Amino acid sequence: MRKGSIVENLNSVTERIVTACRSCGRDPAAVTLLAVSKTRPAEDIRSAFASGQRHFGENYLQEALDKQAELADLDIVWHFIGPLQSNKSRDVAEHFDWMHTLDRLKIARRLSEQRPQGLPPLKVCLQVNIDGEETKSGVTPEQLPALAAAVAGLPNLELRGLMAIPAPRAETEDQRTPFIQLAALLEDLRAQLPEQPLDTLSMGMSGDMEAAVFSGATVVRIGTDIFGARK
């Protein structure tokens, strides 16, 4: 992809976020664009950064670490948004600002123990398997309160909210259903854990971003519509 195309695509996605927010009475500043840069070369991230993008999401740990080393001169906010094995938790604890896919207390404890002194707490979202799909990671809505309470008690993690990847749906109104359910779960957690800064709904990708924004998303994870289709 031409570098100019990344800039144009970022502008287009940003305008979609603004339009969606205005159509439902939300402040566009309340929605963070997370550029999903998995499988993309560091030069693409550098190009997006030059146009003002600061938040980047990576799914594959070793690939992310390599790019972080290459882009160490940039003040990037790194989000880990992929599955994590417990024996790889130290790298996430040491090198990322956010973790969106936390769904096991064992990994939460390791992340807290392994977060280096001197770094702020690792911001985490709990992944919810909102549609109950067997092939998807995440806790069930029924398991969520207990995990949230346990994570909230860990000293080097900051519980910020929830994340989900719903099953694909064609129509915007149908897409909204799981997002509205996730937003309701976050409201329940706010009542359960009033001392936690539960301000984050990480939901919505290229194909259902508008539905997510209409439903209260505060982070939308966009890859294809910024960087183009992956090979």
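In what follows, the structure referred to is the one given above.
What you are looking at is a predicted structure, and each value in this text was computed from that prediction instead of being measured.

Cut-offs used in this document
- Residues numbered from 1 in each chain as written.
- Predicted model: local features only at pLDDT ≥ 70, side-chain atom pairs only at ≥ 80, totals over all residues.
- Heavy atoms only, no water.
- Helix = DSSP H or I, 4+ residues; strand = E, 2+ residues; numbered from the N terminus.
- Rg over C-alpha atoms; globule rule 2.2 N^0.38 Å.
- Buried < 20%, exposed > 50% of the residue type's maximum accessible area, 1.4 Å probe, protein only.
- Contact = heavy atoms within 4.5 Å.
- Arc of directions from axis to C-beta.
- Salt bridge = Lys/Arg side-chain N within 4 Å of Asp/Glu carboxyl O.

Peer 1: Mind laying out the overall build of the protein chain, listing which residues take part and the relevant values?
Peer 2: Along its length, the protein chain carries nine helices and eight strands. Against the compact-globule benchmark of 17 Å for 231 residues, the protein chain has a radius of gyration of 17 Å, which places it among compact chains. Principal-axis analysis of the C-alpha atoms gives the protein chain an extent of 45 × 40 × 30 Å. In the protein chain, which comprises 231 residues, the share counted as buried stands at 49%. At a minimum sequence separation of 6, the contacts of the protein chain that also span at least 24 residues come to 59%.

Peer 1: Before we move on, could you go through helix α6 (residues 144–152) and cite the residues and values that matter?
Peer 2: Because each turn of an α-helix spans 3.6 residues, side chains separated by three or four positions in sequence point in the same direction. The set of residues buried in α6 consists of Leu144, Leu147, Ala148, Val151 and Ala152. Taken down its axis, α6 places every buried residue within 130° of arc, on the same side. Looking at the packing, one finds that the buried side of α6 touches β4 (98–102), α5 (105–114), β5 (122–127), β6 (157–163) and α7 (172–192).

Peer 1: Can you explain the pattern of salt bridges? Please cite residues and give values.
Peer 2: If you walk through the whole model with that rule in mind, you get 12 salt bridges. As a salt-bridge pair, Glu63 and Lys67 come within 2.7 Å of each other at their nearest N and O atoms. Separated by four residues within a single helix, Glu63 and Lys67 lie in helix α3 (residues 61–70), roughly one turn from each other. Residue classification places Glu63 among the partly exposed residues on the basis of a relative accessible area of 24%. Salt bridges linked by common partners bring Arg16, Glu210 and Asp225 together as one network.

Structural measurements only, silent on function.
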